[in-house]
Structures are given as C-alpha cells and as structure tokens.
Amino acid sequence: MKRVLAREADAGRAKSNLFTAAHGRLPGCGPVAHIRARAFEAYERAGLPHRRIEAWKYTDLCALIGEVLPLAPRPDAAALVRAKSSVMQAAADQAVKLVLVDGIFAPELSDVGSLENGVDVRSLREILENPANSAMAGLVLSTTTDAMISLNAAMATDGLVITIAEGSTIKRSIQIVHVATSLSVSDFTRSYLQLGKGAHAAVVETFVAADGASRYQTNDAIIVLVGDEASLSYIRVAADAADAVNLSSGIIVVGTRASLNLFSMTCSGSIGRYQGFVTLAGEGSRLSANGVNLIREKQHADTTIVVDHAVPHCISRNKFHAVVDDCGRSVFQGQVVVRPASQKTDAALMTRALLLSDQAEADNKPELEILADDVTCGHGSTSGALDTSLIFYLRARGLSEKDAQALLIRAFIGEPIEEIPAGNLREFVTARAEHWLRAR
Amino acid sequence: MALLEVRDLHAGMDEREILRGFDLTVNAGEVHAIMGPNGSGKTTLSHVISGKPGYQVSAGQILFKDEDLLAMEPEERAGKGIFLAFQYPVEIPGVTTMNFLRTALNAQRKARGQEEFSTPDFLKRAGEIAKSLNIPQGMLKRGFNVGFSGGEKKRNEILQMALFESSLCILDEIDSGLDIDALRIVSNSINALRSPERAMIVITHYRRLLDYITPDFVHVMSKGRVRKRGGRELALELEACGYAQFEGAA
C-alpha cells in the first residue's frame with residue numbers, strides 16, 4: 001500500500017510540474033484560465049487513476065504509465081511534413097479530413113475548403129483565445145468526476161468545434177485525424193461536436209503516428225451533442241505507435257428520437273483506454289454502441305462504455321468483441337444505468353473475447369443498474385479460444401492453420417463491425433482490421 | 001498403383017489404441033463401404049486419413065497416390081484430393097457459405113498448381129452445382145451451415161465434394177440425421193459424382209444407405225480392424241445377422 005501511495009504522490013508531483021510548465025502555452029486567459037485551474041484542482045484531488053478506483057480497476061495508470069510526459073512542442077514545418085504522409089495513409093475514402101498534429105489544428109493539412117454547407121468548423125484555440133466566447137469555452141471544457149477528463153480540460157492545447165446545422169444531411173463523412181510526430185511527450189486535445197435538430201452526419205476520429213514518433217501519450221476528449229431527431233455515426237480508430245499511450249474520452253448526449261451509432265476500435269498502441277459516457281436524454285432515442293479491440297504482444301486496451309438511460313422509451317445495444325494474442329490484455333467495462341423514471345427501456349449488452357494464446361487475458365465486466373421496473377435489459381459475456389473443431393474442418397477443406405484462424409477471427413470481429421452502416425467508414429474499419437490480421 | 005493403401009495401421013488417442021492393424025486398398029473408380037458397430041474405429045479411420053490432430057499413429061502406413069499421407073498436414077491432404085464429408089458438419093457464424101466455398105476452393109486449386117477461380121466463374125460454377133443439389137441460392141448467402149437443417153448440412157457437404165473435384169471422398173455416416181427424402185436426394189447426388197477417376201469410402205452403420213449407393217466392396221470393421229470383406233451381399237448378410245458375430249472376434 002505504501003508503495004502505491006508513494007507512486008501516486010510522485011505522479012501527482014510530476015503532474016503539478018507539467019501544468020506549471022505548460023501554463024504559459026495553453027490558450028485562453030481570464031475565465032478560461034479559471035476553468036483550467038479548477039479542472040486541474042479536480043485532477044489533483046483525484047490523482048492519476050489507480051486500481052482502487054472501481055472504474056479504473058483493470059487499467060491502473062499509476063502502475064502502467066507512472067507519470068504524464070511533458071507537453072508536446074508546437075509542431076514545426078518539419079513535423080507537418082512528416083505528419084502529411086501519415087494523414088494520407090490514415091485517410092478514409094471520400095472523407096473530409098480535419099487534422100490535428102501533436103494536439104494542434106493544422107488547417108494546411110486539412111480539407112477545410114471541402115466542407116459541405118451546414119458544417120461549421122473552428123479550432124478550439126481560436127475560441128479559447130477570444131474572451132467573447134467564454135460561455136462556449138465553458139461548455140467545451142466541461143468536466144466530469146473522471147480524473148483524465150479533468151486533466152484534459154486543464155491541459156487542452158487545441159481541438160475542433162464542429163457544428164452541423166439543423167436539418168442538414170452531410171453526405172461526406174468528416175474525419176478528424178490526430179497525428180503524433182514527437183518522442184516522449186504528451187498531447188491534449190478537446191473537441192466539441194454538435195448536430196442540430198434533424199441533422200445527419202458521420203464522423204470518424206483516427207489516431208496515428210508519423211514515422212519516428214514513439215513513446216508519446218495522447219489524452220483526447222470530445223463532447224458530442226446529438227440534437228432531437230438527428231442521427232450520428234461516430235467512429236473512433238486508435239492505430240497509434242506500438243509504444244504509445246492513448247486515453248480517449250467521449251461525453252455524449254442524445255436527444256429525442258435521435259440515434260447514435262458509436263464504434264470504437266483499438267488496433268495498436270501500448271496502453272489504450274476509450275471511455276464513452278452516453279446519456280440517452282430524449283425519449284425515443286436509440287444507441288448502438290459497438291467495438292473491437294485487436295491486441296497483441298504486451299498491449300493493454302480498455303474500452304469502458306457507460307450508458308445512462310435518463311428518460312423512458314429508449315433503446316441501447318452494446319456489442320463489443322476483443323481478440324487478444326501473445327501477452328496482451330483486453331478490458332471491457334460496460335455499464336447500463338436505467339433511472340427510476342426510465343420505464344420501457346430496452347437495453348442489451350454483450351461482450352465476447354477471443355484468446356489466441358495461453359498468456360492472453362481478457363477482463364470483461366458488464367453491469368446493469370436498473371432502477372425502473374418495466375424494462376427489458378440483458379447482458380452477457382464470454383471468453384474462449386478458437387474452436388479446434390472449426391480449425392480442423394477448415395484445414396480439411398484446404399486452408400492452412402493460419403488462414404483458418406484468420407477466417408474465424410475475421411468472422412468474430414465482423415459481427416460488431418457490421419453494425420457500422422454500410423459504406424466507406426465500414427470499409428475503412430475493415431481495412432484497418434485486415435491490416436492487423438495480415439501482420440499476425 | 002492403388003489410389004489409397006492403408007497398411008497395418010495402428011492408431012489411437014490419449015494412449016488408447018483404436019485402430020489395431022487396419023488394412024484397406026482403394027482403387028480409382030471404386031466405392032467401398034465400411035460398416036461396423038459403434039466404437040469399432042470407423043470415424044477414427046476417417047480422421048486419421050484426413051489428418052485430424054490429436055491422434056497418434058504407432059505403426060503402419062497410409063499411401064495416397066504412392067505418397068506418404070501421414071507426413072502431410074490436413075490442408076496438404078485436401079490439396080492432394082482427399083475430401084472428408086463430416087458426420088457432424090460445423091457451423092461458422094459470420095462466414096457466408098459462398099465466401100467459405102470460394103476461399104476453400106481457391107486454396108485447394110492453388111495447392112494443386114491450378115489457377116484460382118475468378119468471382120464470376122466461381123459464382124457460375126457454385127450456382128450450377130447448388131441448383132443440381134436443390135440448394136437454394138439464398139442458403140449460399142447465409143452463414144456457413146448456420147441454421148441449416150441436418151439434410152441441408154449434408155447437402156452442403158456434397159456440394160463441396162462436387163466443387164472441389166477431390167479424387168478420394170470419405171463419407172462419414174452421411175446418412176445420420178437424414179429423413180428418407182433427404183437420404184434419397186443426398187444419395188442420388190453422391191451417385192452422380194461417381195466416376196472412373198474418383199473413389200469413395202462410405203462409412204455407415206446401416207444397410208439402408210447401401211440400397212441407394214451400391215458399393216463395389218464392403219468391409220466389416222470391429223475393434224479397430226477389418227473382420228470380413230465381401231461384395232454388396234455382405235451388407236445383406238449383416239442386415240440378417242447383425243454385428244454380434246464380429247464383436248467377440250479378437
């Protein structure tokens with residue numbers, strides 16, 4: 001216990017130094033600086049998450065990363081050049097790219113000119129630096145009790161504020177590409193996405209590394225508001241450098257008769273956690289939250305989804321699959337909360353893990369907290385190895401053992417991937433998964 | 001040169017010997033029936049020939065087209081032309097039947113040094129065979145064997161047998177789980193695949209199947225080896241006397 005407390009104290013000191021060192025470089029002053037200071041105080045009170053905090057039980061950042069690294073320098077021209085080729089590789093077909101390099105918006109690498117009518121994009125830095133936007137700044141930098149989200153609010157260097165006008169149907173998907181170019185640094189981005197009433201859009205967020213980037217830490221957060229009768233496909237793909245840390249958070253609110261299709265995939269990086277906090281705040285709203293973790297070597301990937309059924313007559317479906325090879329560890333925590341007034345809630349949560357080696361580990365924790373009495377809720381969890389009888393069947397049909405395994409893994413991860421609406425984003429995610437499979 | 005030659009085969013699992021000196025010679029164009037009571041080693045024989053992991057071969061030889069089959073992986077054996085129709089075909093959710101068939105066919109063609117089928121050619125060929133087996137096109141788009149009835153699964157096995165053009169087909173209790181009509185359809189399909197180049201080993205408990213598929217040779221198996229060999233009339237004899245006469249044989 002003493003050792004854990006000492007680690008926390010060390011980590012806390014490191015954070016204090018980090019914040020002090022970054023203070024002059026963070027955009028915004030006056031009210032924004034005040035928000036940041038309060039957010040940092042909240043972080044300091046909680047400290048770096050550790051295993052004694054239930055929500056972080058399986059992803060003990062005190063033990064896994066120990067400290068947060070210094071803030072990344074502002075990308076120079078050389079960094080932008082290196083980032084460019086990674087952006088090209090990471091780009092989804094027909095998507096409009098918005099690029100953040102080491103936590104800073106890079107319009108020169110982005111397709112700002114291709115944005116459709118009804119889409120407005122501004123950099124967070126621009127908003128924070130204008131005192132007239134303090135209300136908006138407060139909204140974008142809002143926090144929860146989660147320490148990493150508080151730290152993100154305190155340290156955010158830049159991000160995107162995207163608004164989609166009421167009634168707009170955006171045909172081309174919008175892709176936010178985060179590129180890391182540095183070594184042993186941290187970057188913090190905070191974005192805000194709002195769909196007006198009846199708007200329809202697809203947004204994909206991708207995390208990649210430029211050549212030479214390594215051992216970096218990313219802390220990203222996005223606030224998403226899906227307006228009444230609007231629909232959003234939000235996809236997140238973490239394909240970081242093999243030794244990178246990626247901590248991403250989403251705070252998402254879904255309005256009346258609106259729908260959200262959420263998908264998260266982690267297929268690289270050393271330590272990753274995606275935590276999505278979704279509130280179904282309008283009656284008749286629908287959530288489809290799915291994901292895949294593809295894990296090998298000593299990778300640790302955690303997906304934590306909390307769905308809050310705050311009003312009646314909402315539907316949520318949650319399907320998460322993990323494939324774990326070598327000494328990898330997958331964590332899935334799925335919590336569905338049905339509030340007392342949320343009658344006629346229909347919620348289902350399913351998580352499955354496929355373990356490809358004896359050392360692979362999967363921790364699955366589905367939870368239902370039901371406080372209403374007229375609901376349909378269920379959850380399930382399975383973990384297991386590839387079925388040897390299936391492997392033999394396929395080999396007896398001429399497939400090599402490796403190809404037989406790949407076919408079965410592809411089928412296993414295909415199930416949640418098929419929850420993404422058909423089109424370029426499903427193909428994009430499938431291609432990323434194929435890349436992982438080919439590298440086995 | 002025999003197509004398949006099994007010589008004094010001893011094999012088992014978990015240190016338990018199941019096959020105890022099994023011998024069999026199969027020539028191209030022949031249909032052999034292997035009959036025997038439960039536990040006589042019929043399925044073990046089919047598994048050992050097709051290379052299922054987990055069996056230990058302690059003695060004997062299996063030659064296929066004069067090559068040592070025991071030195072090959074299961075997929076190599078499939079590539080050489082050995083097809084096992086499973087008694088209990090597996091279900092593979094998430095893999096459409098069409099995708100599975102194309103992947104397997106092209107893997108075998110590649111192993112045989114043949115050109116892989118293009119998508120249109122494959123669709124045409126698979127569609128024709130499926131039609132001849134009364135397999136609706138819709139079934140080919142579904143997950144492999146997922147939700148198929150027993151008869152549909154067996155027809156799916158025969159579809160593969162036809163598609164892969166294997167030279168030795170081992171049918172492990174193809175009649176199990178089939179009603180009379182399905183048995184007739186499956187048997188007719190198997191008969192349609194008889195050819196001078198292809199041999200079949202039909203493993204069954206019951207003479208009934210052999211009313212539809214007329215074997216050239218019948219082998220009665222008990223306790224891991226062949227106790228009696230004969231022509232089709234041996235199946236009739238078994239129907240009258242049962243397997244009891246062989247159960248006590250050492």
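In the nomenclature of an unreviewed UniProt entry, chain B corresponds to Fe-S cluster assembly ATPase SufC from the organism Bradyrhizobium quebecense. Per UniProt, chain B carries the Function (unreviewed entry) text "Involved in beta-(1-->2)glucan export. Transmembrane domains (TMD) form a pore in the inner membrane and the ATP-binding domain (NBD) is responsible for energy generation."

Per an unreviewed UniProt entry, the recorded name for chain A is Fe-S cluster assembly protein SufD, and the organism is Bradyrhizobium quebecense. In the Sequence similarities (unreviewed entry) part of its UniProt record, chain A is described as follows: "Belongs to the iron-sulfur cluster assembly SufBD family."

(A) Spatial organisation of the sheet that holds strand β9 (residues 168-172) of chain B. Residues and elements named next belong to chain B. In space, the six strands of this open sheet follow the order β6-β9-β10-β3-β11-β12, with mixed pairing throughout. At either end of the open sheet lies a strand with only one pairing partner, and these are β6 (82-85) and β12 (225-230). On average, each strand axis in the sheet is tilted by 20° relative to the strand beside it, whichever way the strands run. Two elements, β9 and strand β10 (residues 199-204), share five bridges in a ladder whose sense is parallel. Within β10, the residue paired with Asp 172 across the bridge is Ile 203. Running over the sheet, helix α9 (residues 232-241) touches β3 (31-35), β11 (217-222) and β12 and is turned about 110° from β12.

(B) Examining the confidence of the model for chain B more closely. Of all residues in chain B, 98% have pLDDT values of 70 or greater, and the mean over the chain is 93. Scored by ipTM, the complex comes to 0.95, with pTM at 0.91.

(C) Representation of the interface of chain B and chain A within the structure. Contacts between the two partners involve 30 residues from chain B and, on the opposite side, 15 residues from chain A. Both faces considered, chain B and chain A share a buried interface measuring about 1,700 Å² in area, 71% of it formed by carbon and sulfur atoms. A per-residue breakdown of the area chain B buries against chain A is headed by Glu 75, Phe 86 and Val 90 of chain B, which together make up 30% of the total. Counting across the interface, chain B meets chain A through three salt bridges. A salt bridge links Arg 395 of chain A to Glu 75 of chain B; the nearest nitrogen and oxygen atoms lie 2.8 Å apart. In this assembly, chain B and chain A are joined by eight residue pairs in polar contact (both at pLDDT 80 or more). Contributing elements (two or more residues each) for the side of chain B that touches chain A: α2 (74-80), β6, β7 (92-96), α3 (97-111) and α6 (150-164) of chain B. Per-element tally for the side of chain B that touches chain A: the top contributor is α3 of chain B, with six residues. Each residue belonging to the side of chain B that touches chain A can be placed in one class, and the counts come to 18 nonpolar, seven polar and five charged.

Reading the values: rules and limits
- Residues numbered from 1 in each chain as written.
- Chains lettered and ligands numbered in written order.
- Predicted model: local features only at pLDDT ≥ 70, side-chain atom pairs only at ≥ 80, totals over all residues.
- Heavy atoms only, no water.
- UniProt positions renumbered as here; feature names shortened; annotations may be inferred.
- Pairing = 2+ DSSP bridges.
- Helix = DSSP H or I, 4+ residues; strand = E, 2+ residues; numbered from the N terminus.
- Axes fitted to C-alpha atoms, helices over the stretch in contact; angles between N-to-C directions.
- Contact = heavy atoms within 4.5 Å.
- pLDDT = per-residue confidence, 0-100.
- Buried area = accessible area lost by both parts, 1.4 Å probe.
- Salt bridge = Lys/Arg side-chain N within 4 Å of Asp/Glu carboxyl O.
- Polar contact = N/O pair within 3.5 Å; in protein donor to acceptor, adjacent residues only side chain to side chain.
- Nonpolar A, V, L, I, M, F, W, Y, C, P; charged D, E, K, R; others polar.

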